[in-house]
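Results of the structural survey
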Amino acid sequence: MTSSAAYRIEQREGRPVLCLSGIMTLAGLGSVGDDLDRLDTPYDHIDLQEIERIDTIGAWVIHRMQKRRDVPVTGEVGDVARLLGQVRRADQPVQIHPDHTVPWRRVLAEIGVATMQALHTLKGLLGFFGAVMIAFGSVIRHPSRLRYNAIVHRFETVGVQALAIVGLMSFLIGIVIAQQGAVQLRQFGAEVFTINLIGRLTTRELGILMTAIMVAGRSGSAFAAQIGSMKLAEEIDAMRTIGVSPMEALVLPRIFATIVLMPLLGFYASIITIIGGGLFCWIDLEIPPITFIQRLREVVLITDLWVGLIKAPVFGAIIAISGCFQGMQVHGNNEEVGLKTTAAVVQAIFLVIVLDAFFAVFFSSIGWN
Amino acid sequence: MAAPEPIIRVSGLRNVFDEQVVHEKLDLDVYRGEILGVVGGSGTGKSVLMRSIIGLQEPTDGEITVFGEQMLGRADADVWRVRKRWGVLFQGGALFSTLTVAENVEVPIREFYPQISEKLLDEIAAYKVVMTGLPAEAGPKYPSQLSGGMRKRAGLARALALDPDLLFLDEPTAGLDPIGAAAFDELILELKQAMGLTVFLITHDLDTLYAICDRVAVLADGKVVAVGTIPELMALNHPWIQEYFNGPRGRAATAAMNRHAPQGSKKG
């Protein structure tokens, strides 16, 4: 008994016949399938009598030879006949891979699609902002519709639970700024200006900006994922049917909570950054804390604090709106939730940085520098 | 119907999750060439049973043999040649989302038979796609572009890629419309007859049971409470079985069965 497929050409009554034998299955086929495909000896018909076992793959190999050479088969019985019939019926041209496009055309097309998508997103975001404003207006007229419990719950997730990570991040950033500043300023013998650097940079820019990035990563993404999966589970449709406005129930509490908590978290982050920087100054530059604080009070203007605190709620609003907007854009499948969550974070951080630049120009032109 | 040779033999299977006992002393034989339907209420461990047999779930205790080979406690390399002989259709189709339908069908062949040439591979994928009733245009499409029914057919094409002797189907008709479900049942029956398959089929669909199953195994209380043809089961005095086959839906399916030809037509 043969363990695999084999073939031979023999002369019967003066005519060449291709005899297939053995096990014509995927496992037994080996290279016979390809050998047969390349075989250029002519034969008159194919004899299948000696085939011991066959599956559809063996049948396919026979079928394609028969089709190309247009020769008859003999000894087609039992399984062989059944499976040959099966693959004959299934013989249709099928494309395997997706259409291939020329690279430069694909790049052009991608740029076009990305541009259209960006415009579309911008339009959607503006529309969403409008919808938030309308919902906000109606809540102001009917304050009883504001969901205090939901807001307080968001305070906890957005604010309280973020304290540890924001604090740790700020502390380390304080040390890094102080260290880098000290290294540069030491060249001029002006190490004491490290305190100016820490104090002003932190209150004006870094405290708020780093907090915004952290909140976008922590809460903006969570908003998108939560609302996105609610959208998939048709919870949002269910809300609308019952007469609950998803804007009031889901979006506004998140936006309120983030607007309120961003300044608080930002202020907290600034203080911790200053502590981190102060600690470095004390240990490395031997500036005692009391001198550090005195110097801080001299150089940090109250407007520096205002600059930070005015930006914070705006950033908070942007982060929350981006998160909720992207969450609302989810439709279709689970994969979409992941994509929109990423989009929410990227969009929020991008917008925060763009606005930060505008704020910088604005504050210096009104003389707050 | 039942030939004496069991393809799958499960004996004394026990599955426990935390405190919850899913299977306790479960025994089941599946014979060559039959379609065995597995039914049971939600949470009776139908999917867990299938996952135990195909090695995705390590049972707490018990023995499982497939094609006469002991499956439990063996290295992957040892059960490899058994794995080549079965195909699995998961509930949602479980197609690889980054590959086209035809490329999905090629995956198992590439994995187990790397010597197969690219040309033959493409040809095999092509006829498998057509064989499972998909239109030829579906070949280069990605799973996300397909409807639920087409995704199941594509999943079936992949399950059949290696021309398996044994096919596992997890609720193949769930989520399909009645016409699509009936067509899918017929396809399974047709392929089973053409390719000599043994089929392990988990289902909730009474119509599927009537239309294509040779025997039905009923799971309840952590074990197989009864196995047999539907008339045999209906003669039993088990409350769940009575409720299942003689409930309103069961009666409707029986009536539909008796009204029509022996196999095929059904209603939803």
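Since the model is a prediction, treat every value here as computed from it, not as a measurement.

The rules behind each value
- The numbering scheme is per chain: residues are counted from 1 as the chain's sequence reads.
- Each chain gets a letter, beginning with A, and each ligand a number, beginning with 1, in the order they are written.
- Two thresholds apply to this predicted model, a pLDDT of at least 70 for residue-level local features and 80 or more for giving and counting side-chain atom pairs, whereas whole-chain, interface and lining totals are computed over all residues.
- Calculated side-chain values reflect all of the structure's heavy atoms, with hydrogen atoms and water omitted.
- In this text, helices come from DSSP runs of H or I with a minimum length of four residues, and strands from runs of E with a minimum of two, each type numbered from the N-terminal end.
- Atoms considered for the radius of gyration are the C-alpha atoms alone. The globule rule reads 2.2 Å times the number of residues to the power 0.38.
- Accessible area is worked out with a 1.4 Å probe on protein chains only. A residue is then buried under 20% of its type maximum, exposed over 50%, and partly exposed in between.
- Two residues form a contact once any of their heavy atoms are found within 4.5 Å.
- To be clear on the numbers: accessible area is Shrake-Rupley with a 1.4 Å probe, and residue cover counts the displayed protein chains and nothing else.
- Under the convention used here, Asp and Glu are negative, Lys and Arg are positive, and both His and the chain ends fall outside the count.
- Lysine's charge is taken at NZ, arginine's at CZ, aspartate's at CG and glutamate's at CD.
- Think of a 1 Å grid over the protein atoms and nothing else: a 1.4 Å probe that fits but is trapped marks a cavity, an open set flanked by protein within 12 Å on at least five of seven lines marks a pocket, and residues with an atom within 4 Å of a point count as lining.
- Grid points are joined across faces, edges and corners, and a volume is the space filled by probe spheres set on the points.
- Note on residue classes: Ala, Val, Leu, Ile, Met, Phe, Trp, Tyr, Cys and Pro are nonpolar, Asp, Glu, Lys and Arg are charged, and everything else, Gly too, is polar.
- Using a 1.4 Å probe, buried area is obtained as the accessible area two parts lose upon being combined, added over both of them.
- By definition, a salt bridge exists where a carboxyl oxygen of Asp or Glu is found within 4 Å of a side-chain nitrogen of Lys or Arg.
- Helix span, as expected, comes to 1.5 Å for every residue beyond the first.
- Here the rule is simple: two strands pair whenever DSSP picks up at least two bridges between them.
- As used throughout, domain bounds are those supplied by an automatic or database domain assignment.
- Polar contacts, as used here, are pairs of N or O atoms within 3.5 Å; protein pairs need one atom able to donate a hydrogen and one able to accept it. Residues neighboring in sequence count only if both atoms are side-chain atoms.

The next subject is the overall build of chain A. In terms of regular secondary structure, chain A is built from 13 helices and 4 strands. Here the C-alpha radius of gyration of chain A, 36 Å, is well above what a compact globule of 369 residues would show, namely 21 Å. Counting across all 369 residues of chain A, residues that qualify as buried make up 44%. Long-range pairs, those at least 24 residues apart, make up 80% of the contacts in chain A between residues at least 6 apart in sequence. Of the roughly 19,100 Å² that chain A leaves accessible, carbon and sulfur atoms contribute 65%. Taken together, the 30 basic and 31 acidic charged side chains of chain A have centroids lying 9 Å from each other.

Using a probe with the size of a water molecule, rolled over the atoms, empty space left in the structure can be pinpointed. One number sums up the size of the largest pocket: a volume of about 650 Å³. Lining the largest pocket are 28 residues, with A:T25, A:R53, B:R85, B:D163 and B:D165 positioned closest to its centre. Looking at the lining of the largest pocket, the elements with two or more residues in it are α1 (26-29), β3 (45-54) and α4 (78-89) of chain A together with α2 (76-83) and α6 (178-195) of chain B. Here the lining of the largest pocket is composed, by residue class, of 12 nonpolar, 5 polar and 11 charged.

So, about the interface of chain B and chain A. Counting residues at the interface gives 33 residues for chain B and 24 residues for chain A. Between chain B and chain A, a total of about 2,500 Å² is buried, with carbon and sulfur atoms accounting for 61% of that surface. Our enumeration of links across chain B and chain A arrives at 2 salt bridges. A salt bridge links B:K119 to A:D37, with the shortest nitrogen-to-oxygen separation between them at 2.6 Å. With 11 residues, helix α4 (residues 118-131) of chain B is the largest single contributor of residues to the side of chain B that touches chain A. Classifying every residue of the side of chain B that touches chain A gives 19 nonpolar, 6 polar and 8 charged.

Residue and element names in this part refer to chain A. In this model helix α7 (residues 163-186) runs 34 Å from its N-terminal to its C-terminal C-alpha over 24 residues, within 8% of the 34 Å that 1.5 Å per residue would give. Among the residues of α7, V166, G167, M169, S170, I173, G174, I177, A178, G181 and A182 are the ones counted as buried. Buried positions along α7 lie against α8 (193-232) and α10 (246-284).

Let us look at the pairing of strand β4 (residues 61-66) of chain B. Residues and elements named next belong to chain B. Bridge count for strand β1 (residues 6-17) against β4 is 5 bridges, and the pairing is antiparallel. The residue of β4 that forms the bridge with S11 is E63. Here 2 bridges tie β4 to strand β5 (residues 69-70), and the two strands are oriented antiparallel to one another. By the bridge assignment for β5, T65 is matched with Q70. Hairpin connection, β4 to β5: the antiparallel pair is bridged by 2 residues, and F67 has positive phi, about 55 degrees.

Our focus in this paragraph is the environment of B:L209. Inspection of the secondary structure puts B:L209 in helix α7 (residues 206-212). Here B:L209 is in contact with B:G37, B:V39, B:T203, B:V216, B:I230, B:Y244 and B:F245, once residues within four sequence places are set aside.

Tallying each qualifying case throughout the model produces 29 salt bridges over all chains. Residues B:E123 and B:K119 are paired through a salt bridge, measuring 3.6 Å at the closest nitrogen-oxygen approach. A residue pair is termed a helical-turn pair when its members lie 3 or 4 positions apart in one helix, as B:E123 and B:K119 do in helix α4 at 4 residues. According to the relative accessible area criterion, B:E123 is buried, its value standing at 17%. Residue class for B:K119 comes out partly exposed when judged on its relative accessible area of 44%. Several salt bridges converge on common partners, so that one network encompasses A:R8, A:E10, A:R12, A:D47 and A:E50.

All names here are of chain B. Examined at the domain level, chain B breaks down into domain 1 (6-85 + 164-259) and domain 2 (97-157). With 16 residues of domain 1 at the contact, the number on the domain 2 side is 9 residues. Contact with domain 2 buries area across many residues of domain 1, yet K84, F184 and L187 alone supply 40% of it, more than any other trio. The interface formed by domain 1 and domain 2 holds 0 salt bridges in total. Applying the counting criterion to the domain 1 and domain 2 interface returns 3 residue pairs in polar contact (both at pLDDT 80 or more). When residues of the side of domain 1 that touches domain 2 are traced back to their parent elements, those giving at least two are α2, β7 (166-170) and α6. Tallying contributions element by element places α6 first for the side of domain 1 that touches domain 2, with 6 residues. Per-class residue counts for the side of domain 1 that touches domain 2 are 11 nonpolar, 2 polar and 3 charged.

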